[in-house]
Amino acid sequence: MSIFIWSVIIALFVIAFVGLIYPVIPSVLFILVGFIIYGFSFSFEPFTWFFWLVQVLFVVLLFGADYLSNLIGVKKFGGSKAGVWGSTIGLLVGPFVIPAVGIIIGPFIGAVIAELLVHKKGVSEAIKIGFGSVVGFVSSVITKGIIQAVMIAYFLLLVL
């Protein structure tokens, strides 16, 4: 039975990393559910108040990293709030419209369209802002991947 439980926990952690590429998957929830399944199946004893405090801080960092990376990427390249919103919408829709490359093209197209339509920016400037949204997304994925890995490593350090 413990092999089955560990398989489920590992599958949840893997799905959390898939959520880095498909942002509609709530990565952090899969990680937390893995912790909770471990607790109910084996023991909550390793999970002290300090463990939960650290994990909550990591969750806050995950949400902050996602938003700030996109914001900084778009703003640094001259974008507006509309560009940030367009990039975010493109990030959510892109992977479903163009499965293989939509995760990169979606934020780019979303930011470009938003800047062209809302702020009437020139095509070259809108493309530059779209590139900034991609830079922000890639830096967000890297940052979130590191944070998620640390969350899981801390969990494993306590339970193994």
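Please refer to the structure placed before this passage.
Below you will find a few notes about this structure. (Residues numbered from 1 in each chain as written. Predicted model: local features only at pLDDT ≥ 70, side-chain atom pairs only at ≥ 80, totals over all residues. Heavy atoms only, no water.)

**Here's the deal with the side chain of E115**
In step 1: Its place among the elements puts E115 in helix α5 (residues 102-118).
In step 2: Within polar-contact distance, the side chain of E115 engages the backbone nitrogen of S80 at 2.7 Å. (Helix = DSSP H or I, 4+ residues; strand = E, 2+ residues; numbered from the N terminus. Polar contact = N/O pair within 3.5 Å; in protein donor to acceptor, adjacent residues only side chain to side chain.)

**Here's the deal with the pattern of salt bridges**
In step 1: Per the stated rule, a full pass over the model turns up 2 salt bridges.
In step 2: One salt bridge in this structure joins K121 and E115, with 3.6 Å as the shortest N-O distance.
In step 3: E125 is paired through a salt bridge with K121; the nearest N and O atoms lie 3.9 Å apart.
In step 4: One network of salt bridges, with partners in common, ties together E115, K121 and E125. (Salt bridge = Lys/Arg side-chain N within 4 Å of Asp/Glu carboxyl O.)

**A few points about helix α2 (residues 27-41)**
Because an α-helix packs 3.6 residues into every turn, residues spaced three or four apart end up facing the same way.
In step 1: A rise of 1.5 Å per residue sets the reference length of α2, with its 15 residues, at 21 Å; its end C-alpha atoms lie 21 Å apart and thus fit the reference within 8%.
In step 2: Every buried residue belonging to α2 is among S27, V28, I31, G34, F35, Y38 and G39, and all of these are buried. All buried residues of α2 lie within an arc of 135 degrees about the axis, which places them on one face of the element.
In step 3: Where α2 is buried, its residues contact α1 (2-18), α3 (49-76) and α6 (123-159). (Expected span 1.5 Å × (residues − 1). Buried < 20%, exposed > 50% of the residue type's maximum accessible area, 1.4 Å probe, protein only. Arc of directions from axis to C-beta. Contact = heavy atoms within 4.5 Å.)

**So, the packing of aromatic side chains**
Any two aromatic rings considered together are summarised by their centre-to-centre distance and by the angle between their planes.
In step 1: Going through the model one piece at a time under the given rule, you end up with 22 aromatic pairs.
In step 2: With a centroid separation of 6.4 Å and an interplanar angle of 70 degrees, the aromatic rings of F35 and W52 are classed as edge-to-face. Of this pair, F35 sits in helix α2 while W52 sits in helix α3, and the two are 17 residues apart along the sequence.
In step 3: Its relative accessible area of 0% is what places F35 among the buried residues.
In step 4: Judged by centre distance (5.5 Å) and plane angle (85 degrees), the rings of Y38 and F155 are edge-to-face. On the criterion of sequence distance, the pair formed by Y38 in helix α2 and F155 in helix α6 is long-range, its members being 117 residues apart.
In step 5: Under the relative-accessibility criterion, Y38 is labelled buried at 8%.
In step 6: Judged by relative accessible area, F155 falls into the buried class, the value being 0%.
In step 7: Taken together through their ring pairs, the aromatic side chains of W6, F13, F35, Y38, F40, F42, F44, F47, F51, W52, Y154 and F155 make up a single cluster. (Phe/Tyr/Trp six-rings, centres within 6.5 Å; stacked < 30°, edge-to-face > 60°.)

**Concerning the environment of I31**
In step 1: On the secondary structure map, I31 appears in helix α2.
In step 2: For I31 and M151, which are 120 residues apart along the polypeptide, the C-alpha to C-alpha distance reads 8.1 Å.
In step 3: Among all residues touching I31, those that are not within four sequence positions of it are F13, A16, Q148, M151 and I152.

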